[in-house]
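Observations on the model geometry
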Amino acid sequence: MASTTKTDEDNPSVTEVDHESDEAAAMERVFSNTEVPSWRNQITFRAIITSFILSIVFNFIVCKLNLTTGIIPSLNVAAGLLGFFILKSWTTLLNKFGLLKHPFTRQENTVIQTCVVASSGIAFSSGTASYLLGMSSMVASQLETGNTPINVKKLSPGWMIAYLFVVSFVGLFSIVPLRRMMIMKLKLTYPSGTATAYLINSFHTPNVEKLPPKLTSGK
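Residues numbered from 1 in each chain as written. Predicted model: local features only at pLDDT ≥ 70, side-chain atom pairs only at ≥ 80, totals over all residues. Heavy atoms only, no water.

**As for the side chain of Asn 66**
To keep things clear, this is the line we draw: The helix count covers DSSP runs of H or I at least four residues long, the strand count covers runs of E at least two residues long, and both are numbered beginning at the N terminus. Here, residues are in contact when the closest pair of their heavy atoms is within 4.5 Å.
Considering the arrangement of structural elements, one finds Asn 66 in helix H2 (residues 45-68). Ignoring sequence-local partners within four residues, the contact set of Asn 66 consists of Ile 72, Phe 124, Ala 129 and Ser 130.

**Some thoughts on the UniProt feature "transmembrane region" (unreviewed entry) in the protein**
The test is simple: UniProt positions are given in the numbering used here, feature names are shortened, and annotations may be inferred rather than shown by experiment.
Per the UniProt entry, the sites bearing "transmembrane region" (unreviewed entry) are residues 43-62, 68-90, 111-133 and 159-178 in this numbering. Between the end C-alpha atoms of residues 68-90 there is a gap of 35 Å, over a span that is 70% helix and 0% strand. In residues 159-178, helix accounts for 100% and strand for 0%; the two terminal C-alpha atoms are 29 Å from one another.

**What to know about the packing of aromatic side chains**
The test is simple: The aromatic pairing rule takes the rings of Phe, Tyr and Trp, using the six-membered ring of Trp, and pairs them if the centres are within 6.5 Å, calling planes under 30 degrees apart stacked, those over 60 edge-to-face and the rest tilted.
Scanning the model with the defined rule gives four aromatic pairs in all. Cluster of aromatic residues (ring-pair linked, three or more members): Phe 84, Phe 104 and Phe 203.

**Quick notes on the side chain of Gln 107**
Within the fold, Gln 107 resides in helix H4 (residues 106-125). Setting aside chain neighbours within four positions, we find Gln 107 in contact with Val 36, Pro 37 and Gln 42.

**What to know about helix H7 (residues 157-185)**
We count it as follows: How far a helix is expected to stretch is found by multiplying one less than its residue total by 1.5 Å. One fitted axis covers the seven residues ending at a residue, a second covers the seven starting there, and the bend at that residue is the angle between these axes.
Given a rise of 1.5 Å per residue, 29 residues ought to cover 42 Å, and the 41 Å separating the end C-alpha atoms of H7 matches this to within 8%. Along its length, H7 reaches its greatest deviation from straightness, about 35 degrees, at Arg 179. At the exit of H7 stands Lys 187, carrying a positive phi of roughly 60 degrees.

**Comments concerning unusual backbone geometry**
The condition that has to hold: Exposure is judged per residue with a 1.4 Å probe applied to protein chains only, and the accessible area is read against the type maximum: over 50% gives exposed, under 20% gives buried, and values in between give partly exposed.
Non-glycine residue Lys 187 carries a positive phi angle of around 60 degrees. Position of Lys 187 relative to the elements: it lies in the loop between H7 and helix H8 (191-204). For Lys 187, a relative accessible area of 51% translates into the label exposed.

**Quick notes on the layout of surface pockets**
Short version of the rule: Of the two site types, the cavity is a set of points on a 1 Å grid over the protein atoms alone where a 1.4 Å probe fits but cannot get out, and the pocket is an open set with protein on both sides within 12 Å along at least five of seven lines, each lined by residues with an atom within 4 Å of a point. Grid points are joined across faces, edges and corners, and a volume is the space filled by probe spheres set on the points. Basically, the charged four are Asp, Glu, Lys and Arg, the nonpolar ten are Ala, Val, Leu, Ile, Met, Phe, Trp, Tyr, Cys and Pro, and anything else, Gly included, counts as polar.
By volume, the second largest pocket is sized at about 460 Å³. Along its surface, the second largest pocket is lined by 23 residues, and Thr 34, Pro 103, Phe 104, Thr 105 and Arg 106 are the ones closest to its centre. Sorting the residues of the lining of the second largest pocket by element identifies helix H3 (76-96), H4 and H8 as the ones contributing at least two each. With five residues, H3 is the largest single contributor of residues to the lining of the second largest pocket. Of the residues that constitute the lining of the second largest pocket, the class distribution is nine nonpolar, 10 polar and four charged.

**Section: the nonpolar core**
As a reminder of what qualifies: Here, nonpolar core means buried Ala, Val, Leu, Ile, Met, Phe, Trp, Tyr and Cys residues that are tied together by side-chain atoms lying within 4.5 Å of each other.
Formed by Ala 47, Leu 54, Phe 58, Val 62, Leu 75, Ala 79, Phe 84, Leu 87, Phe 104, Ile 112, Val 116 and Ala 123, the largest nonpolar core amounts to 12 residues. Looking at this core, the elements that each hand over two or more residues are H2, H3 and H4. Take this core: its biggest share by element is four residues, from H2. Contacts of Leu 54, omitting those with residues within four sequence positions, involve Ala 79, Leu 82, Gly 83, Ile 86, Ile 112 and Val 116.

**Some words on the packing of H3 against H8**
Worth spelling out the cut-off: Here an axis means a line fitted to C-alpha atoms, over the contact stretch when the element is a helix, while the angle between two N-to-C directions is reported on a 0 to 180 degree scale. Note on terminology: angles under 35 degrees are roughly parallel, angles over 145 are roughly antiparallel, angles of 65 to 115 are roughly perpendicular, and the others are oblique. Left-handed describes a crossing whose near helix is turned anticlockwise from the far helix through less than a right angle; right-handed describes the clockwise counterpart.
Two elements in contact, H3 and H8, have axes whose closest approach is 8 Å; the angle formed by their N-to-C orientations is 20 degrees. Relative to H8, H3 is oriented roughly parallel. Seen along the crossing, H3 lies across H8 with a hand that is right-handed. Facing H3, whose interface residues are Asn 76, Val 77, Leu 81 and Phe 84, H8 presents Ser 192, Gly 193, Ala 195, Thr 196, Leu 199, Phe 203 and His 204. Of the residues assigned to the contact of H3 with H8, the class counts are six nonpolar, five polar and no charged.

**A look at the pattern of salt bridges**
Heads up, the condition is: Any carboxyl oxygen of Asp or Glu within 4 Å of a side-chain nitrogen of Lys or Arg constitutes a salt bridge here.
The tally for this structure, following the rule as stated, stands at one salt bridge. Notably, a salt bridge pairs Glu 108 with Arg 46, separated by 2.6 Å at the nearest N-O pair. Here Glu 108, found in helix H4, pairs with Arg 46, found in helix H2; they are 62 residues apart in sequence, far enough to count as distant.

Spelled out as structure tokens, the structure:
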């Protein structure tokens, strides 16, 4: 009986994972001479202010889409792009007047993107434009059935803040084991996160010529 040897070519998933790993390594080599800033230079005042402004805008967008279509697209790339545009414009202006103390880094850009996506995600998962409104007496009074004390909740700021904390921490505790299993162990690709990482890296690449052709062409 003839024996056969299974190679990586017979397993496209293995080849694809190896290829993505090579691309990630090539991207990090571009930043090998760039010093990683401390956490104080990553979570900066300007990053917090930018995150706050973009979070307000994105929360209105999420609530509007939730009330109309009920489908919320991934906002990772948009948050990373707008965060870069705002802070890059600000730091460029400061640099012209010689007032720039710290350059705008990709870590700072990632902080902005993470805060904005987290804020808009809470706006969707907390039900501020869906079931949280449905529990109010104003909405319940418009219905013929279900307008009973057990189905109505008086929404006070204190109760809503506590509820948002519960929703946020439940998601935090559930995402850690899912990340360990799906991303760290199974090496599954997180499409929107991967695309955002490549986008932010391309914005802050010190020398575009050093990037692999596939990363610069986007193919």
